[in-house]
Amino acid sequence: MKTKELVRKYRHIGAHRIGENESWFADMAASGLHLSKLNKIYAYFTRAEPAKTLYRIDFIHPNSATEPDQEEIYLENGWKHVCTIKDMAVYSSPASRKAPEPHSDLAEQPHSLSGIRRFYRNAGIACIAYYAAIVFLIYMNPLPSQGLASKLVSKGSITLLLIGAHLIFGIVFAIEPVVHLRAVIISLGNGKSIDHNADWRKRERYEKAKKGALACIALLVVAFNYKSSAASFEANIPPGLAGAMPISLSEIEAGAALERRTDIGATGIDFQNRVSQSWQPLAPISMQICEHIEVKSEMPEIYSDYDAGLYCSIYKARFLWLSKLVAHELANANINQAGFSDQYAAGLAQMSLDELYIGHQAMQCDIIARKGKIVAILRYDGEQNPLVVINAAIGIFSWEGFAEIAR
Amino acid sequence: MTEAMYYVLLALMNPAHGYRLMQEIQSVSNGRLQMGPGTLYGVLARMQSDKLIQLVNEDGRRKIYRITKEGENALYLEYNRLADMVNDGKMMLDKGTEK
């Protein structure tokens, strides 16, 4: 006995696109592939003689197979039951038979779509709740700086970009079926029937483009992560090497007797004195420097020894506008002494910086400086005059090591 | 109440199965209304959940439905509303013709 050949085709078009699915099945039948069964991913066709066949999709009985009673009535009206998947039943009829439309009353048809509409609405709500939870987690995530622009240039920005793209696509995909079904229901209410000859090829192209975009995002993430891991490093600060670092405590505390405070972990990294660099898609340079030393007083009988600390982040943004945004965000988040920088404003031009924000209180000086695409934020804990710290910060921008890192 | 619901309730004054209903509706409406199976089963499912009709028994593979008391009340309400509308229309249109 000759078995019928079954051809499997991927279902690009979602169940909510009723007209596109019907016209797809009809075109397949015209080319000799007659719909046989459906699952969530594939449609199976039986190869036979090409025939002009009409297909109609119905959603009358949610969550159950088509009842024999209903199948019989459809059959008596010229519509043969082909298959059912979940609450979607497919019927076919030879075009030559000119069977009456199953839905003769368009005002009634929206009720038959309430099940699928509810399904997509609940799925949409679940997706949006899921994405809202992700957004919440991002903002709960303790990244090193505040604000979106600052996060985009900091370590973890790849994840942030991925989630951002994922969010946009996810929300569009989640609401599209609900919006489409709403439009269909309004259209039916206005007496316009479902377009049984809708252009399924156009829809398929759109779906392919959608999946292609998601694949591109995934590829970009892989490429970014590869590049990031290859161009990132973490190391202990080399002691006593002038010019090895964009800024160092020894420059600020020049002349004093220094003793490094160390806290070396199992990986050999000194947590108190380390430098790390991570490549990010929007910031090829994203550098963090942390240094702690004990400053020995030259006159211990008058002045006591003290601990000095330096925390510095340097970003070279991909775009000038981004570096400006980062500088403003960091200034808003870290500089709380408004007007302090006024006394230095006159000297700003000579300092050759584009922006400079200074906050100063006892034993602490915060500086945010920007020159072109490079932004530096540093916090100095110690007794030196802020002007000394500013001079050290200015030195960051002339450091020659950036070119090497960027390579 | 939609036209399809009205005619299904009318036809169910005598218990019937789906196919019989379709024939009855076509007959009552003098062939004006040919109800498709999709529309019929949509209406039956909805009216059953609204308790306007109920399943009596299954005659072989076929389910037999009948109208409930609530269904009858709804049908009479709709009938009276439609009759009022026809009377109102008749009165206004007759006046228009007299002028």
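Computed from a predicted structure; not experimentally measured.

Rules of the game
- Residues numbered from 1 in each chain as written.
- Chains lettered and ligands numbered in written order.
- Predicted model: local features only at pLDDT ≥ 70, side-chain atom pairs only at ≥ 80, totals over all residues.
- Heavy atoms only, no water.
- Patch = residues over 30% accessible without salt bridge, like charges linked within 9 Å, V, L, I, M, F, W, Y side chains within 5 Å.
- Areas by Shrake-Rupley, 256 points an atom, 1.4 Å probe, with all protein chains shown as cover.
- Salt bridge = Lys/Arg side-chain N within 4 Å of Asp/Glu carboxyl O.
- Helix = DSSP H or I, 4+ residues; strand = E, 2+ residues; numbered from the N terminus.
- Buried < 20%, exposed > 50% of the residue type's maximum accessible area, 1.4 Å probe, protein only.
- Core = buried A, V, L, I, M, F, W, Y, C linked by side-chain atoms within 4.5 Å.
- Contact = heavy atoms within 4.5 Å.
- Buried area = accessible area lost by both parts, 1.4 Å probe.
- Polar contact = N/O pair within 3.5 Å; in protein donor to acceptor, adjacent residues only side chain to side chain.
- Nonpolar A, V, L, I, M, F, W, Y, C, P; charged D, E, K, R; others polar.
- Phe/Tyr/Trp six-rings, centres within 6.5 Å; stacked < 30°, edge-to-face > 60°.
- Lys NZ or Arg CZ within 6 Å of the ring centre and 35° of its normal.
- pLDDT = per-residue confidence, 0-100.

## A word on a nonpolar patch on the surface
Residues and elements named next belong to chain A.
Turning to step 1, where the next piece is worked out: Residues Ile128, Ile171, Ile175 and Val179 make up a contiguous nonpolar surface patch of about 300 Å² in total accessible area.
Turning to step 2, where the next piece is worked out: Counting residues per element, the nonpolar patch draws most heavily on helix α6 (residues 157–189), which supplies three residues.
Turning to step 3, where the next piece is worked out: Position of isoleucine 175 relative to the elements: it lies in helix α6.
Turning to step 4, where the next piece is worked out: With relative accessibility at 38%, the residue isoleucine 175 sits in the partly exposed group.

## What to know about the nonpolar core
All names here are of chain A.
Turning to step 1, where the next piece is worked out: Within the largest apolar cluster, 35 residues are counted, with the highest numbers of intra-cluster contacts made by Ile314, Ile367, Leu378, Tyr380 and Ile396.
Turning to step 2, where the next piece is worked out: The set of elements that each furnish at least two residues to this core consists of α8 (249–252), β10 (285–296), β11 (306–316), β12 (355–361), β13 (364–371), β14 (374–381) and α11 (386–396).
Turning to step 3, where the next piece is worked out: At six residues, α11 tops the list of elements feeding residues into this core.
Turning to step 4, where the next piece is worked out: Excluding its chain neighbours within four sequence positions, the residues that come into contact with isoleucine 367 are Leu356, Tyr357, Ile358, Ala376, Ile377, Leu378, Val389, Ile390 and Ala393.
Turning to step 5, where the next piece is worked out: With 32 residues, the next largest nonpolar core counts Ala15, Leu38, Ala43 and Ile194 among its residues.

## A few points about the interface of chain A and chain B
Turning to step 1, where the next piece is worked out: Taken together, the contact pairs 19 residues of chain A with 21 residues of chain B.
Turning to step 2, where the next piece is worked out: Interface area, chain A with chain B, both sides summed: about 1800 Å², of which 52% is carbon and sulfur.
Turning to step 3, where the next piece is worked out: Considering only the surface of chain A that becomes buried against chain B, Asp69, Ile73 and Glu108 of chain A emerge as the three largest contributors, covering 32% of it.
Turning to step 4, where the next piece is worked out: Joining chain A to chain B, the criterion identifies one salt bridge.
Turning to step 5, where the next piece is worked out: Here arginine 46 of chain B ties to glutamate 108 of chain A by a salt bridge, and the two come within 2.5 Å at their closest N and O atoms.
Turning to step 6, where the next piece is worked out: Our enumeration of links across chain A and chain B arrives at seven residue pairs in polar contact (both at pLDDT 80 or more).
Turning to step 7, where the next piece is worked out: The element contributing the most residues to the side of chain A that touches chain B is helix α2 (residues 68–76) of chain A, with seven residues.
Turning to step 8, where the next piece is worked out: Classifying every residue of the side of chain A that touches chain B by side-chain character gives five nonpolar, six polar and eight charged.

## Some words on the packing of aromatic side chains
All names here are of chain A.
Turning to step 1, where the next piece is worked out: This structure, assessed with the given rule, holds 14 aromatic pairs over all chains.
Turning to step 2, where the next piece is worked out: Ring centres of tryptophan 24 and phenylalanine 25 lie 5.5 Å apart, and the angle between their planes is 35 degrees; on these two criteria the pair is classed as tilted.
Turning to step 3, where the next piece is worked out: Among the residues examined, tryptophan 24 registers a relative accessible area of 4% and is labelled buried.
Turning to step 4, where the next piece is worked out: One cation-aromatic arrangement involves arginine 8 over tyrosine 42; the distance from NZ or CZ to the ring centre is 4.0 Å.
Turning to step 5, where the next piece is worked out: The ring of phenylalanine 173 carries the charged tip of lysine 210 above its face, separated from the ring centre by 4.2 Å.

## Considerations on the confidence of the model for chain B
Residue and element names in this part refer to chain B.
Turning to step 1, where the next piece is worked out: Summing up the model confidence of chain B, the mean pLDDT is 87 and the portion of residues at 70 or higher is 93%.
Turning to step 2, where the next piece is worked out: Taken element by element, chain B is modelled with least confidence in strand β2 (residues 53–59), mean pLDDT 79, and with most confidence in helix α1 (residues 3–11), mean pLDDT 91.
Turning to step 3, where the next piece is worked out: On the interface metric, ipTM, the complex scores 0.79, and its pTM is 0.71.

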